[in-house]
Amino acid sequence: MADRLKGKTAIVFGAGSSGPGWGNGKAAAVAYAREGARVVCIDLVQAAADETAAIISEEGGEALAIAADVTEQGSVNEAVAATMARFGGIQILHNNVGVTHMGGPVELSEEKFRAALDLNLGSVYRTAKAVIPAMLASGGGAIVNISSLAAIRWTGYPYFAYYATKAAVNQATMALAMQYARQNIRANCIMPGLIDTPLIYKQISGQYASVDEMVAARNAAVPMGKMGTAWDIAAAAVFLASEESAFITGVCLPVDGGQSCAVAAFPS
């Protein structure tokens, strides 16, 4: 283990993986632990949180697994209270919860539109509401929100609610950064581009004729010629949570293999 985050407690919402392999939240939780942080692994599914916490424990780190629903303020509050009871403070808040409901405003149901708002944006609101008081009591902290390249450009997929809510996450991050800058709380977000995680095989693959076609198209759309991995996102998260980025706040960082610089961003 390194020690860039030694002595800090990181609470990671969305620390499980939606399938076998490494999702962004799971990798970030493990990466935080490898840098010396105590990590609270929170997921809607207890087994998913347990799996990530077990990996950390097996590597010699300290972890706590909690099941919580980020669409319910009471559930988030309970998770934060359990974290405080165990570790006494929170210095890092990591938000990695989101859903991609396909469809433009014509095709998308009211129910799914509201669900996307509640989960993708509401999670940032509820976790900040619960964690910021603890950060202030600890003398400050770092918030890392996971947004998306879809927050700033068309990515080739017809997911209206995802574009809208991720753009809102960017602006919400800026608002947090500015409001709490003088109180030693930094807030930044990461905008992943095309990342090869278990989630895309569940929520994106249906836009293609086959999984192989999806992988080939997504690789081809990235200027570097391949999708990123969850560890690319985790490395950026560790940097933004550490003192190495002590003078960085309000930033929306693309981690996308150059896709945000490309003339077009069409994975299909």
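Coordinates for the structure precede this section.
Here goes a summary of the coordinates provided. (Residues numbered from 1 in each chain as written. Predicted model: local features only at pLDDT ≥ 70, side-chain atom pairs only at ≥ 80, totals over all residues. Heavy atoms only, no water.)

## Considerations on the sheet that holds strand 5 (residues 141-146)
And step 1. Taken together, seven strands build an open sheet; the order of strands is 3-2-1-4-5-6-7 and the sheet is parallel. In this open sheet, the two strands that pair with only one neighbour each are strand 3 (63-67) and strand 7 (252-255). Strand-to-strand twist of the sheet, defined as the mean angle between neighbouring strand axes without regard to direction, takes the value 15 degrees.
And step 2. Examined bridge by bridge, strand 2 (residues 38-43) and strand 3 share five bridges and lie parallel to one another. Of the residues in strand 3, the one forming a bridge with isoleucine 42 is isoleucine 66.
And step 3. Running at roughly 175 degrees to strand 4 (residues 92-95), helix 4 (residues 110-138) makes contact with strand 1 (9-13), strand 4, strand 5 and strand 6 (185-192) of the sheet.
And step 4. Of the strands in this sheet, strand 5, strand 6 and strand 7 are in contact with helix 5 (residues 160-179), which crosses strand 6 at around 160 degrees. (Pairing = 2+ DSSP bridges. Helix = DSSP H or I, 4+ residues; strand = E, 2+ residues; numbered from the N terminus. Axes fitted to C-alpha atoms, helices over the stretch in contact; angles between N-to-C directions. Contact = heavy atoms within 4.5 Å.)

## As for the pairing of strand 5
And step 1. Most of strand 5 is tucked away: six of the six residues are buried.
And step 2. The two faces of strand 5 match: Gly141, Ile143 and Asn145 on one face and Ala142, Val144 and Ile146 on the other face are all buried.
And step 3. Where strand 4 meets strand 5, four bridges bridge the pair, whose relative direction is parallel. When the bridges of strand 5 are listed, isoleucine 92 appears paired with alanine 142.
And step 4. Handedness of the strand 4-helix 4-strand 5 crossover: right-handed.
And step 5. By the bridge criterion, six bridges tie strand 5 to strand 6 in an arrangement that is parallel. Opposite isoleucine 143, over in strand 6, you have alanine 187 as the bridge partner. (Buried < 20%, exposed > 50% of the residue type's maximum accessible area, 1.4 Å probe, protein only. Right-handed = clockwise from strand over helix to strand, strands pointing away.)

## Some details on the pattern of salt bridges
And step 1. Taken as a whole, this structure holds eight salt bridges when the rule is applied.
And step 2. With a closest N to O distance of 3.0 Å, arginine 4 and glutamate 244 form a salt bridge. Placement of arginine 4 in the segment before strand 1 and of glutamate 244 in the loop between helix 8 (230-241) and strand 7 is noted, with a sequence separation of 240 residues between them.
And step 3. Residue arginine 4 is classed as partly exposed on the basis of its relative accessible area, which comes to 32%.
And step 4. Between arginine 114 and glutamate 110 there is a salt bridge, with the nearest N and O atoms lying 2.7 Å from each other. Residue arginine 114 and its partner glutamate 110 are both found in helix 4; the two are separated by four residues, about one turn of the helix.
And step 5. Judged by relative accessible area, arginine 114 falls into the exposed class, the value being 54%.
And step 6. For glutamate 110, a relative accessible area of 47% translates into the label partly exposed.
And step 7. Within this structure, Arg4, Glu35 and Glu244 form a network of salt bridges that share partners. (Salt bridge = Lys/Arg side-chain N within 4 Å of Asp/Glu carboxyl O.)

## Things to note about the nonpolar core
And step 1. In terms of nonpolar packing, the biggest core is built from 32 residues, with Tyr32, Val39, Cys41, Ile56, Val144 and Ile190 touching the most fellow members.
And step 2. Of all the secondary structure elements, the ones that give two or more residues to this core are strand 1, helix 1 (24-34), strand 2, helix 2 (46-58), strand 5 and helix 8.
And step 3. By residue number, the principal contributor to this core is helix 8, which donates eight residues.
And step 4. Setting aside its immediate chain neighbours within four residues, cysteine 41 contacts Val12, Ala15, Ala29, Ala49, Thr52, Ala53, Ile56, Ala63, Leu64, Ala65 and Ile66.
And step 5. Grouped together as the second largest cluster of nonpolar side chains are 29 residues, Val99, Leu119, Val131 and Tyr180 included. (Core = buried A, V, L, I, M, F, W, Y, C linked by side-chain atoms within 4.5 Å.)

## A short note on the packing of aromatic side chains
And step 1. Under the criterion given, the structure shown has seven aromatic pairs.
And step 2. Consider the rings of tyrosine 157 and tyrosine 208, whose centres lie 6.2 Å apart with planes at 80 degrees: the pair is edge-to-face. Here the residue tyrosine 157 occupies a position in the loop between strand 5 and helix 5, and tyrosine 208 occupies one in the loop between helix 6 (198-203) and helix 7 (211-221), the gap between them amounting to 51 residues. The pair tyrosine 157 / tyrosine 208 is uniform in exposure class, with both members buried. (Phe/Tyr/Trp six-rings, centres within 6.5 Å; stacked < 30°, edge-to-face > 60°.)

## Re unusual backbone geometry
And step 1. Phi is positive for asparagine 184, which is not a glycine, with a value near 65 degrees.
And step 2. Relative to the helices and strands, asparagine 184 is located in the loop between helix 5 and strand 6.

## Thoughts on the environment of cysteine 41
And step 1. Here cysteine 41 is to be found in strand 2.
And step 2. Its relative accessible area of 0% is what places cysteine 41 among the buried residues.
And step 3. Separated by 15 residues in sequence, cysteine 41 and isoleucine 56 place their C-alpha atoms 9.7 Å apart.

Structural measurements only, silent on function.
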